[in-house]
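Residue-level structural notes
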Amino acid sequence: MRHVLTGTQAARGMALGRARLVQPSIFAVDTRMLDEAEVGPEIERLHKALDTARTELHELRGKLHGALAREVGDFIDAHSLLLDDEELLRGLDELVSVGHYTASAALKMQRDRLAAVFDAMNDPYLKSRGEDIDQVIGRVMTALQQQSSREERKIASRVGEIVVSDTVAPADLASMAGQGLLGVIGSAGSVYSHSAILARSFNLPMLVGTKDALATINDDDLVLIDAENGEVIVHPTAQDLTRYRQWQRQAAAEGRRLAALASAPTLTRDGAHIRLYANAEMSSDITLARARGADGVGLYRSEFLFLRQRGLPSEEEQFVAYRDLVLGMGGQPVTIRTLDLGADKADAAGLAIRGEDNPALGVRGIRLSLRYADIFSVQLRAILRAACYGPVRVLIPMVTHVGELISVRTLIKKARAELAEQGQELPERLDIGAMIEVPAAAIGIGPILEKADFLAIGTNDLAQYVLAADRNNDALEGIYDPLQPAFLRLIAHVIAAGRRAKKPVSLCGEIAGDTQFTALLLAMGLEEFSMHPGQLLQVRDRLASLDCQSLRRAAPALFRSHTRDDVEARLLEVIQRQAECPTQQAIPL
């Protein structure tokens, strides 16, 4: 009998196939305490399981070639680095040798401790890294229980299948994608997870948070995953199948049409030129950005380099990463955001300030960097060296007041002097920008603009702080809403200030790549959007249908709205009337 489950879109698309359930691994944890004579053999057993997990990842990476290796290699490397993390390994050894816990109990305790750290994070992208812990510990647990061969058989072939699971590890998703997998249904998971990013890259439809999927769907059930509408239809009817076939035809035609936009300029209907930049953190993002015709990189998250390895990356390691980024963009501008870690998400880099009562309002972003000026200076020297290979801008996160920019400029001046003494080549110019995500910076934007060469609005955190609503709290969904009039007025205020100062302003939050907000941002005066590279063509296409001048003339009426519903209704009216009017004709409200 037909029934429908709902979930959250992690990767767009539709797929029809047979369900294949991958049940969460249920690990038997031996809770007894070891005798002294058992400690040595148990440590040996634990290390053998760790070696098995490392070997599995190494062999999987060796099987990947070409584009697949580029896409998933970084994910596998991140998991491999976790298996070599000194803090993790030392903690496991101590639990066995000193606490006399069994290997399985020690793994569970370490998993629970690390999961608690990630659960406390405020950034949803970094919060989702907790899935990596589960996947790595699960792989070691499987090795302990000698179940690895069974797990390998599970993912040996996925032709015509839609996987239904709790979560899927990126390495396993890569293997399944190469074996004919059609889509993924997750009963848990995050849209910011590595696997979700990978699914978007592979164009595999994926839903997460599909509650009761494992309990409701059976192996071999025919399922239609509709990630366009956030639905899973079990035992679809003829009407469902007709809708799916219609979507297939439309998707094929739309794909051909959008592909032609990769080399097209980004213009509005009335000829206004808009710049579309890519957010990036991995080499695969750069490849996709170039393929989709990005005007450059508007946000490179340098913290990923710190989070993916043990200890702190050296100046040389950072320089190589930034240089390769610049070279990969082939002369287009690259904006490198300096280390954006906070007290709740710096453990992997060893910079955590433990015990903060409210990490979201604590030592994070530029506050953390200035606290560790020596470490920050290493990053600045690496960026300066990389800037000799192409146009580079530096973006400072979590700016609150102009004094922080002054301190950054002082450190850059010092770094220049140090590199000059070493005989290093230096760029003629290095623009310094402020990321506007703190309300105080947005309200007091004037002094900041005097010291900043450009601005980038980070709407994810700015909305959270302005609306006093945790963006990860489902109960506050009606409050955490980018269409709230007060929030829109603050964004418009920052954009207008930048225009008056003749300094570029970009927006790099999630709404930049959401076509539902494109018209609104254009009305505000935004001319530079930065987004996931997979969203570039859709936004370019949306801009081509909009009349820039008409929208901007309508903006004052939009900002007089008292509720988000008023904003939405007025904007819809403007767009509808715009479609009926000749290009460049003003549309009064």
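Thresholds applied
Residues numbered from 1 in each chain as written. Predicted model: local features only at pLDDT ≥ 70, side-chain atom pairs only at ≥ 80, totals over all residues. Heavy atoms only, no water. UniProt positions renumbered as here; feature names shortened; annotations may be inferred. Buried < 20%, exposed > 50% of the residue type's maximum accessible area, 1.4 Å probe, protein only. Helix = DSSP H or I, 4+ residues; strand = E, 2+ residues; numbered from the N terminus. Contact = heavy atoms within 4.5 Å. Salt bridge = Lys/Arg side-chain N within 4 Å of Asp/Glu carboxyl O. Pairing = 2+ DSSP bridges. Right-handed = clockwise from strand over helix to strand, strands pointing away. Axes fitted to C-alpha atoms, helices over the stretch in contact; angles between N-to-C directions. Core = buried A, V, L, I, M, F, W, Y, C linked by side-chain atoms within 4.5 Å. Phe/Tyr/Trp six-rings, centres within 6.5 Å; stacked < 30°, edge-to-face > 60°.

- By the naming in an unreviewed UniProt entry, the protein is Phosphoenolpyruvate-protein phosphotransferase, taken from Luteibacter anthropi.
- Under the Cofactor (unreviewed entry) heading, UniProt states for the protein: "Mg(2+)".
- UniProt annotates the protein under Sequence similarities (unreviewed entry) with the comment "Belongs to the PEP-utilizing enzyme family."

Quick word on helix H20 (residues 459-467)
- By the criterion of burial, H20 is predominantly enclosed, with 7 of the 9 residues buried.
- Where H20 is buried, its residues contact strand S13 (431-436), helix H18 (439-443), strand S14 (454-457), helix H21 (485-500) and strand S15 (505-507).

A word on the pattern of salt bridges
- Overall, the coordinates contain 28 salt bridges when judged by the stated rule.
- Among the ionic pairs, Arg-20 bridges to Glu-161, the shortest N-O distance being 3.1 Å. One end of the pair, Arg-20, is in strand S3 (residues 14-22); the other, Glu-161, is in strand S4 (residues 161-165), and 141 residues separate them in sequence.
- On the accessibility criterion, Glu-161 (10% relative accessible area) is buried.
- Here Asp-340 ties to Arg-337 by a salt bridge, and the two come within 3.4 Å at their closest N and O atoms.

Thoughts on the pairing of strand S12 (residues 392-396)
- With 5 of 5 residues buried, S12 lies mostly within the body of the structure.
- Across the two faces of S12 the burial is the same, with Val-392, Val-394 and Ile-396 and Arg-393 and Leu-395 all buried.
- As judged from the 4 bridges shared by strand S11 (residues 334-337) and S12, these two strands associate in the parallel manner. Its bridge partner lying in S12, Val-334 is registered against Val-392.
- Bridge analysis of S12 against S13 gives 4 bridges, and the strand direction is parallel. Residue pairing for S13: Ile-396 is matched across the bridge by Ala-434.
- Note that the unit made of S12, helix H17 (residues 402-421) and S13 has a crossover that is right-handed.

With respect to the environment of Ala-386
- Mapped onto the elements of the fold, Ala-386 is located in helix H16 (residues 373-386).
- Looking at Ala-386, the relative accessible area reads 0%, which means it is buried.
- When the C-alpha positions of Ala-386 and Val-326 are compared, they lie 7.3 Å apart, and in sequence the two are 60 residues distant.
- Ala-386 has contacts with Phe-319, Tyr-322, Arg-323, Val-326 and Val-392, leaving out every residue within four places of it along the chain.

Here's the deal with the sheet that holds strand S1 (residues 3-6)
- Judged by pairing direction, the sheet is mixed, and its 8 strands sit side by side in the order S1-S8-S7-S3-S4-S5-S6-S2 without closing on themselves. In this open sheet, the two strands that pair with only one neighbour each are S1 and strand S2 (8-11). Ignoring strand direction, the axes of neighbouring strands in this sheet form an average angle of 30°.
- Summarising the sheet, S1 and strand S8 (residues 231-234) pair through 4 bridges and their orientation is antiparallel. Note that in S8 the partner of Thr-6 across the bridge is Glu-231.
- Along the sheet, helix H11 (residues 238-259) makes contact with S3, strand S7 (222-226) and S8, crossing S3 at roughly 115°.

Things to note about the pairing of S8
- Of the pairings in the sheet, the one linking S7 to S8 comprises 4 bridges and is antiparallel in character. When the sheet's bridge partners are listed, Ile-225 is paired in S8 with Val-232.
- Connecting the antiparallel pair S7 and S8 is a turn made up of 4 residues, with Gly-230 showing a positive phi of about 70°.

Some thoughts on the nonpolar core
- Core analysis: the largest hydrophobic core is formed by 99 residues, its most contacted members being Ile-448, Leu-455, Leu-520, Met-524 and Phe-529.
- For this core, the element with the highest residue contribution is H21, accounting for 8 residues.
- Ala-53, Leu-57, Val-136 and Leu-144 belong to the second largest nonpolar core, which has 23 residues in total.

Quick word on the packing of aromatic side chains
- Within the structure shown, the criterion is met by 3 aromatic pairs.
- Measuring from centroid to centroid gives 6.3 Å for Tyr-300 and Tyr-322, while their planes differ by 85°, and the two rings are edge-to-face. One end of the pair, Tyr-300, is in strand S10 (residues 297-301); the other, Tyr-322, is in helix H14 (residues 315-328), with 22 residues separating them in the sequence.
- A relative accessible area of 0% means that Tyr-322 is categorised as buried.

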